[in-house]
Amino acid sequence: MRLTAMAESYRGQLQDNNFQDLSFEERFGIIVDLEWSRRKNNKLARLIKKADFRFSNACVEDIEYHSDRKLDKAQITRLASCNYVQEKHNVIIMGASGNGKSYIGCALGVAACRNYYTVKYVRLPDLLDELAIARGEGIYKKVMKQYKSVSLLILDEWLLVPLKGAEARDLLEIIESRHQNGSTIFCSQFSPGGWHEKIGEDTLADAILDRIVHDSYSVHIDGNVSMRERHGLQDK
């Protein structure tokens, strides 16, 4: 039955005389609580590992609210509750390069894992390359299904470079399948007003934007100093 935590707890009780004064119900309750806690912790660890975060140790508690970043702490706290995941809404995180978009995206992803939602993090360029290879190997539908099925998909480096070839159609396929069925976090250096040009094909761009911008919370990150500079090597 794989009740390893219960077995360990029982052996520990046998070796500790302090437990002899407790009733059977109290001792059994302690054993069950430990097994339950172990299973929850193991599940959380599996979810975080499977998410493949860029920053697996990211957490909302460690987000830095320097005045120049102009982050809304109350908004981040609300997002960390994961109501937007339950309600199948999206989040757009915008900011210049180095301002911490990826970290905040991963922190919200870890928060979702803590609430036992399935999460997947991927850079958009890597995702598009993976889909192109999958199409050539005849496993396109299988790979696409993996990205459609997670509760929260985090797309980093969103539209960093213009799309080409079949990439816009691949993107529409994912966005359409997840619309009102799952949540997506978009980490981008550009506001939605600049996405249309990056997508290229007008009809596809209109369809993609229509499914995102009207159903998303926006997080704006400012900053006179990038987070890379804040945490980089300092001259002694």
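Here the structure is a predicted model, which is why all the values come from computation and not from measurement.

Peer 1: What is the right way to read the overall build of the protein from this model?
Peer 2: Along the protein, the regular secondary structure elements total 11 helices and five strands. Scored against the burial criterion, the 236 residues of the protein give a buried share of 42%. Here the contacts in the protein between residues at least 6 apart in sequence split such that 81% fall between residues at least 24 apart. Element-wise, carbon and sulfur atoms account for 50% of the exposed surface of the protein, whose accessible area totals about 13,700 Å².

Peer 1: What exactly am I supposed to notice about the state of the cysteines here?
Peer 2: Here a disulfide denotes a covalent bond joining the sulfur atom of one cysteine to the sulfur atom of another. Under the counting rule described, the total for this entry stands at zero disulfides. In this structure Cys-106 is not part of a disulfide, and its nearest cysteine sulfur, from Cys-187, lies 7.4 Å away. For Cys-106, a relative accessible area of 0% corresponds to the buried category.

Peer 1: What exactly am I supposed to notice about the pairing of strand β3 (residues 152-156) here?
Peer 2: Where burial is concerned, most of β3 is hidden: five out of the five residues are buried. Where burial is concerned, the two faces of β3 agree: the one with Leu-152, Ile-154 and Asp-156 and the one with Leu-153 and Leu-155 are both buried. Pairing between strand β2 (residues 119-123) and β3: five bridges, direction parallel. Across the sheet, residue Tyr-121 finds its bridge partner in β3, namely Ile-154. Across four bridges, β3 lies against strand β4 (residues 183-188) in parallel orientation.

Peer 1: Got a minute to help me understand the sheet that holds β3 in this structure?
Peer 2: Sheet strands pair by backbone hydrogen bonding; their relative direction is either parallel or antiparallel. In space, the five strands of this open sheet follow the order β2-β3-β4-β1-β5, with parallel pairing throughout. Edge positions in the sheet fall to β2 and β5 (216-221), since each has one partner strand and no second. On average, each strand axis in the sheet is inclined to that of its neighbour by 15°, with strand direction left out of account. Sheet topology places strand β1 (residues 90-95) next to β4; four bridges connect them, and they run parallel.

Peer 1: Sorry, what's going on with the packing of aromatic side chains here?
Peer 2: Within a pair of aromatic rings, the relevant descriptors are the distance that separates the centres and the angle that separates the planes. With the rule as written, the count across this model stands at four aromatic pairs. For the ring pair Phe-55 and Tyr-103, a centre distance of 5.9 Å and an interplane angle of 50° mean the geometry is tilted. Taken together, the residues span a long stretch of sequence, with Phe-55 in the loop between α2 (24-51) and α3 (73-80) and Tyr-103 in helix α5 (residues 101-114) at a distance of 48 residues. Taking the relative accessible area as the measure of exposure, Phe-55 reaches 32% and is therefore partly exposed. With a relative accessible area of 25%, Tyr-103 lands in the partly exposed category. Arranged with centres 4.7 Å apart and planes meeting at 65°, the rings of Trp-158 and Phe-186 form a pair that is edge-to-face. With a gap of 28 residues between them, Trp-158 in the loop between β3 and α8 (167-178) and Phe-186 in strand β4 connect regions that are remote in the sequence.

Criteria and cut-off values
- Residues numbered from 1 in each chain as written.
- Predicted model: local features only at pLDDT ≥ 70, side-chain atom pairs only at ≥ 80, totals over all residues.
- Heavy atoms only, no water.
- Helix = DSSP H or I, 4+ residues; strand = E, 2+ residues; numbered from the N terminus.
- Buried < 20%, exposed > 50% of the residue type's maximum accessible area, 1.4 Å probe, protein only.
- Contact = heavy atoms within 4.5 Å.
- Areas by Shrake-Rupley, 256 points an atom, 1.4 Å probe, with all protein chains shown as cover.
- Disulfide = S-S within 2.5 Å.
- Pairing = 2+ DSSP bridges.
- Axes fitted to C-alpha atoms, helices over the stretch in contact; angles between N-to-C directions.
- Phe/Tyr/Trp six-rings, centres within 6.5 Å; stacked < 30°, edge-to-face > 60°.

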